[in-house]
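Below are the chains, spelled out letter by letter.
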Amino acid sequence: MASVIAADNPGAAVLLMGNEAVARGAIEAGIGVASAYPGSPTSEILPAIADVSGERDIYVEWSTNEKVALEVAAASSFAGIRSLAVMKQNGLNVALDFLVNLNMTGIGEGGMVVFVSDDPGAMTSGNEQDSRMAAKWFDNPLLEPENAHEAKEMVAWAFEFSESVNLPVIVRGVTRLCYTRGNVVLGDLPAGMRKKARFSDVWDMYNPTKSKFTATPSPVAHRLLHEKFEKAREILENAPFNRYSGPDNPELLIIATGVSAAYSAEAVDVLHLKERVGLLKMGALWPLPKKTILQWLSRTKNVLFVEEMDAFMEGSVMELWAGAGLHDGGIRFHGKCSGHFPPCNEQGADLVIKALTDILKIEHQLIDADYKREAAEYMRLVPNRPINMCAGCPHRATYWAIKNAIALDGRNGFVCGDIGCYAMGFGPPGFFQARTMHAMGSGTGVANGFGHLGRFGFDQPVIALSGDSTFYHAALPALVNAVYNRSNFTLLILDNGATAMTGFQPHPGTGVLATGEPAPVVDMEALCRATGAEVMVCDPFNLTETTQAILTMMKKNAGVRVIIMRHLCQLVKVKRKIAPRYSMRVEPEKCIGESCGCDRLCTRVFGCPGLMWDSRAGKAMIDEAICVGCGLCADVCPAGAIRKEEVH
Amino acid sequence: MADLSKEPFNLIVAGVGGQGNVLLSAFIGMALVREGFTASVSDTFGVSQRGGSVTSHIRISRGVACSSLVLEGQADVILGMEPVETLRALGEFGNRAVITIVNPRPMQPTGGVSYPDLDEVRQAIIKLSARTMFVNATEEALEMGDPIYTNVILLGALAGADVLPVGREAMVEVLKARFPGALYDVNLSAFKKGEELIRDAAGIFS
């Protein structure tokens, strides 16, 4: 099927996910390079571009981390070719050190857009953060779209903007934008020959400060940045993404950014407040378009800020108002400062309705209270559905082996966890084994530190975990550090052949590029051996051997030991149509249920989704709609009631 | 085909990660856009690839796009891919007028959490819905040889129920655009199976 992302059908309305709309906007702007590290909620952008990279002549890459991705994109802009770098909020943190220097030098003649998505509610993340703060912190232009169509328009526009101010432009999304599908009207695709890439900067030996692409001397570069910033502000005063709707002198002015503008519009609509409340929808945020904002502040006595995460606009507008000497006007500000919105989590139109009814003292009954009461009583029937690893997931096998090895070792060993599906190991899916979990690569980094505490009496064995993609991203420097500084721990690299949690993207160890073309394999095992660590490879589905291997490595108690746990992600197996290895069944006469003494080890502790507890029969059973025939549970059942049979 | 009786018209698709709810919702959205409607399709989900609750919010309007999330108590139709998830969705988005279509096969939660009595769940769904239709989609899909067809069977059921402002033609077009050759044939027969099932499903009124 031809990709709708590349459809040459200007004016047509199509349903696109926010992420696809970002990709389409970049393609309409004629980008030549796109780079990213996978990170939900942005993971779908690069693959959408990769799908059409041949026909649109775009170089795409999955970079090993976000800093490298940003550097790759920047070089393209330096040589006059438009570029897009994509990352989630955590990725921005990784890339920041380059970005804070890049805005000092500027980007050359090719426009550059950095699409960063935050994740209010941490639906696909370990943290919540408001990346907009970075734009204010180190002076970078910032835009934030409301929906998929605007995301496409805004990304395309951002390239022009970037070129006219010679700065990278951050476009900020949130999960709800990235993962909402909406109508997008396609624009024109670029036609004609792409211009030749050329790095035209000439170094002058008599004036070594002449290069545009060195961030020094910084006092000069920093002053120039602020000059550019004033030009950027003028452009944003007239940007098409800031719009006002409502009465000329609103009783209450809502200032809302991004998706919150849509929630606000709906709340005003539901409460029939169009005659009383004005909505200033802001998409061009930074540098703050001061004139636009002051103009609307002068027409109201009440302002409500609606934005997710931090009080970015709220704080900035209040600063502006105080600094402009207008506080005699007596505006009351509402938002996070008044407690109407929390500084965390996702917030929808319901919360805006609540804020409006409170501030304007109006009554509104949206829901039938009787129905709500009746429904609430039935909610006692609704159990929580804990998150879990998939049926057949190799991480479950690894964690089972770890749990047993730590118990057999008996010295209160523990696991320093990391980012990926296996991050669930802090809870029931990993039998509560992961005890620390922070950023990409931090499992190995933190284990480095524990490994030096022996001199203070620390005697617990430490196991660090790293996914395969995480290994290349950030664990490798920590491994090198560990060997060099003679730390003491066991690193388990969970090599499931893909960046699984974000959608099975390839990485340097897979031999495949972002485009699906073959690539050299950067051999993980050889890399680890080259550091000087002791290395072995296990298949975690060989439970006994794997448990023994972990135990042996733990007991060595000196130096850095690496075990590569190699088994393909179950979902990748499904994609590649790799047939189930076993057919599974529970022998009812052997499963003695509650009287077994195992306390339902299979369904209560092991917890594979493919195993069910039949409470009427008091026995375990296989859910054939979910079981993928990995065979692991047969090795776990103490009664030997779960049988596996090789499928031929 | 039903008219756009109110604006926005709100459809909730409730299921468990891995059941194909996200794709099913995207198909409905594509069919709507094909017919000239403005659609917003948004999924709320847990961190897991599989096994967590997934709720898709499908909002239909003409002209201006509405916000992504259905307001509390404001669903017009709930398509439940799993009984407990259907009940959960009724608790959040249900009201006296809501029409509910349910796939009655339970998906067991993991981690030692037990599933409630299925009959009680069924009765609660019926009580909290103006009209309930049960469609044995997973059973039919297993009979077709793969539970993967569950979502397309439910798409057919939704089309057959005639509760949306978009009809079967647009949905079939979407399947045709999505699936090549033989895959289209098997998905079309899944879709037709869903239409058949809903025809036979007597609506239960509360």
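Residues numbered from 1 in each chain as written. Chains lettered and ligands numbered in written order. Predicted model: local features only at pLDDT ≥ 70, side-chain atom pairs only at ≥ 80, totals over all residues. Heavy atoms only, no water.

The next subject is the overall build of chain B. Helix and strand counts for chain B come out as seven helices and seven strands. Each helix and strand of chain B, placed in order from N terminus to C terminus, yields the pattern β-α-β-β-β-α-β-α-β-α-α-α-α-β. Its C-alpha atoms give chain B a radius of gyration of 16 Å, near enough to 17 Å, the size a compact globule of 206 residues would have. A principal-axis box enclosing the C-alpha atoms of chain B has dimensions of 45 × 40 × 35 Å. For chain B, the residues scored as buried account for 61% of the 206 residues in total. (Helix = DSSP H or I, 4+ residues; strand = E, 2+ residues; numbered from the N terminus. Rg over C-alpha atoms; globule rule 2.2 N^0.38 Å. Buried < 20%, exposed > 50% of the residue type's maximum accessible area, 1.4 Å probe, protein only.)

Helix and strand counts for chain A come out as 22 helices and 24 strands. Taken over the C-alpha trace, chain A has a radius of gyration of 28 Å; the compact-globule value for 648 residues is 26 Å, and the two agree within 12%. Summarising its shape, the C-alpha atoms of chain A cover approximately 80 × 80 × 60 Å along the three principal directions. Only carbon and sulfur atoms are counted for the fraction: they give 54% of the accessible area of chain A, which is about 26,300 Å². When the 61 basic and 70 acidic side-chain charges of chain A are each reduced to a single mean position, those positions are 4 Å apart. (Areas by Shrake-Rupley, 256 points an atom, 1.4 Å probe, with all protein chains shown as cover. Lys, Arg positive; Asp, Glu negative; His and termini not counted. Charge placed at Lys NZ, Arg CZ, Asp CG, Glu CD.)

In this section: the nonpolar core. All names here are of chain A. I49, L84, I254, M313 and L356 are the most contacted members of the largest nonpolar core, which totals 124 residues. Here this core takes nine residues from helix 7 (residues 148-165), the largest share from any one element. Sequence-distant contacts of M313, defined by excluding residues within four places in its chain, comprise I255, T257, M282, L285, L288, I293, F305, E307 and M318. Of all hydrophobic cores here, the second largest spans 59 residues; its members include A500, C591, L611 and I626. (Core = buried A, V, L, I, M, F, W, Y, C linked by side-chain atoms within 4.5 Å. Contact = heavy atoms within 4.5 Å.)

This part covers the side chain of R24 of chain A. Residue and element names in this part refer to chain A. Residue placement: R24 occurs in helix 1 (residues 18-28). A polar contact is formed between the side chain of R24 and the backbone oxygen of A7, at a distance of 2.8 Å. Those residues in contact with R24, other than ones at most four positions away along the chain, are V4, I5, A6, A7, L16, K152, L186, G187 and L189. (Polar contact = N/O pair within 3.5 Å; in protein donor to acceptor, adjacent residues only side chain to side chain.)

All names here are of chain A. A cis amide bond links S40 with the next residue in sequence, P41, at an omega value of 15°. For P41, the position within the fold is in the loop between strand 2 (33-36) and helix 2 (45-50). Between W286 and P287 the backbone carries a cis peptide bond, its omega angle lying at 5°. Among the secondary structure elements, P287 is positioned in the loop between strand 12 (284-286) and helix 11 (290-297). We note that M309 has phi near 70°; this positive angle belongs to a residue other than glycine. For M309, the position within the fold is in the loop between strand 13 (302-306) and helix 12 (312-323).

The next thing to look at is the interface of chain B and chain A. Each partner contributes residues to the interface: chain B has 66 residues there, and chain A has 60 residues. Taken together, both faces of the contact between chain B and chain A bury some 5,300 Å²; the carbon and sulfur share is 59%. At the boundary of chain B with chain A, the tally comes to 21 residue pairs in polar contact (both at pLDDT 80 or more). Of all the secondary-structure elements, those providing two or more residues to the side of chain B that touches chain A are helix 1 (21-34), strand 2 (38-45), strand 3 (53-61), helix 2 (83-93), helix 3 (118-128) and helix 6 (168-178) of chain B. (Buried area = accessible area lost by both parts, 1.4 Å probe.)

Spatially, the nine strands line up as an open sheet ordered 1(A)-8(A)-2(B)-3(B)-1(B)-4(B)-5(B)-6(B)-7(B), and their pairing is mixed. Because the sheet does not close on itself, it has two edges, and the strands there are strand 1 (13-17) of chain A together with strand 7 (204-205) of chain B. Together, strand 1 and strand 8 (180-185) of chain A form the strand contacts of helix 1 of chain A, whose direction differs from that of strand 1 of chain A by roughly 115°. Its contacts with the sheet place helix 5 (residues 150-161) of chain B against strand 1 (9-16), strand 4 (77-80), strand 5 (99-102) and strand 6 (131-134) of chain B, and it is angled at close to 155° to strand 4 of chain B. (Pairing = 2+ DSSP bridges. Axes fitted to C-alpha atoms, helices over the stretch in contact; angles between N-to-C directions.)

Geometry of a packed helix pair, given as the angle between the helix axes and the separation of the axes. Running from amino to carboxyl end, helix 14 (residues 369-378) of chain A crosses helix 3 of chain B at an angle of 170°, the nearest separation of the two axes being 11 Å. As the angle between them shows, helix 14 of chain A and helix 3 of chain B are arranged roughly antiparallel. Judged by residue contacts, Y371, E374, A375 and Y378 of chain A of helix 14 of chain A engage A124, K127 and L128 of chain B from helix 3 of chain B. Its residues placed into classes, the contact of helix 14 of chain A with helix 3 of chain B shows five nonpolar, no polar and two charged. (Parallel < 35°, antiparallel > 145°, perpendicular 65-115°, else oblique. Nonpolar A, V, L, I, M, F, W, Y, C, P; charged D, E, K, R; others polar.)

Counted under the stated rule, the structure contains 16 aromatic pairs over all chains. Ring geometry for F27 of chain B versus F179 of chain B: centroids 5.9 Å apart, planes at 75°, classification edge-to-face. Taken together, the residues span a long stretch of sequence, with F27 of chain B in helix 1 and F179 of chain B in the loop between helix 6 and helix 7 (181-200) at a distance of 152 residues. A connected cluster of aromatic rings, assembled from ring pairs, spans F78, F199 and F213 of chain A. In this arrangement the basic side chain of K573 of chain A is found over the ring face of F541 of chain A, its NZ or CZ atom lying 5.7 Å from the centre. (Phe/Tyr/Trp six-rings, centres within 6.5 Å; stacked < 30°, edge-to-face > 60°. Lys NZ or Arg CZ within 6 Å of the ring centre and 35° of its normal.)

Glancing now at the side chain of T490 of chain A. All names here are of chain A. Note that T490 resides in strand 18 (residues 489-495). Note on T490: relative accessible area 0%, which makes it buried. Setting aside anything within four residues of it in sequence, one finds T490 in contact with V462, I463, A464, M553, M554, R561 and I563.

Each domain of chain A was delimited in the assignment, giving domain 1 (4-237), domain 2 (244-359), domain 3 (394-575) and domain 4 (582-646). Placing a centre on the C-alpha atoms of domain 2 of chain A and another on those of domain 3 of chain A gives a separation of 47 Å. (Domains from an automatic or database assignment.)

Taken as a whole, the second largest pocket encloses approximately 940 Å³ of empty space. Taken together, 36 residues line the second largest pocket, and the ones lying closest to its centre are A262, A265 and E266 of chain A together with V64 and A65 of chain B. Mapped onto the lining of the second largest pocket, the elements with two or more residues apiece are helix 7, strand 9 (243-245), helix 10 (259-270) and strand 11 (277-282) of chain A together with strand 3 of chain B. Considering every element that reaches the lining of the second largest pocket, the biggest residue donor is helix 10 of chain A, with seven residues. Across the lining of the second largest pocket, the residue classes tally to 16 nonpolar, eight polar and 12 charged. Taken together, domain 1 (4-237) and domain 2 (244-359) of chain A each give at least three residues to the lining of the second largest pocket, which thus spans both. (1 Å grid on protein atoms, 1.4 Å probe; cavity = no way out; pocket = protein on both sides within 12 Å on 5 of 7 lines; lining within 4 Å. Points joined across faces, edges and corners; volume = space filled by probe spheres on them.)

Residue and element names in this part refer to chain B. The element strand 3 is extensively covered by neighbouring structure, given that eight of its nine residues are classed as buried. Here eight bridges tie strand 1 to strand 3, and the two strands are oriented antiparallel to one another. Along strand 3, the bridge assignment pairs G15 with V54.

As a further point, take the sheet that holds strand 15 (residues 414-416) of chain A. One key point about sheets: their strands pair by backbone hydrogen bonds, in either a parallel or an antiparallel sense. Residues and elements named next belong to chain A. Taken in spatial order, the six strands make up an open sheet running 16-15-17-18-20-19, and their pairing is parallel. Two strands bound the open sheet, and with one partner strand each, they are strand 16 (434-436) and strand 19 (534-538). Direction aside, the axes of adjacent strands within the sheet are offset by 30° on average. For strand 15 and strand 17 (residues 462-467), the ladder comprises three bridges, and the chain directions are parallel.

Below, the discussion takes up helix 14 of chain A. Considered for burial, the residues of helix 14 of chain A that qualify are Y371, A375 and Y378 of chain A. Taken down its axis, helix 14 of chain A places every buried residue within 50° of arc, on the same side. Residues of helix 14 of chain A that are exposed and angled more than 90 degrees away from the buried face: R373 and E377 of chain A. Residues of helix 14 of chain A that are buried sit in contact with helix 2 and helix 3 of chain B. Of the residues flanking the start of helix 14 of chain A, the one acting as N-cap is D368 of chain A, its side-chain oxygen 3.0 Å from the backbone nitrogen of D370 of chain A. (Arc of directions from axis to C-beta.)

Let's shift gears to the environment of L491 of chain A. Residues and elements named next belong to chain A. Examined against the element boundaries, L491 turns out to sit in strand 18. C-alpha of L491 to C-alpha of R561: the two residues are 70 residues apart in sequence and 6.1 Å apart in space. Leave out the neighbours within four places in its chain, and L491 touches T444, A464, L465, S466, L479, R561, V562 and I563.

All names here are of chain B. Mapping L183 onto the fold places it in helix 7. On the basis of relative accessibility, which here comes to 43%, the residue L183 falls in the partly exposed class. C-alpha of L183 to C-alpha of E196: the two residues are 13 residues apart in sequence and 20 Å apart in space.

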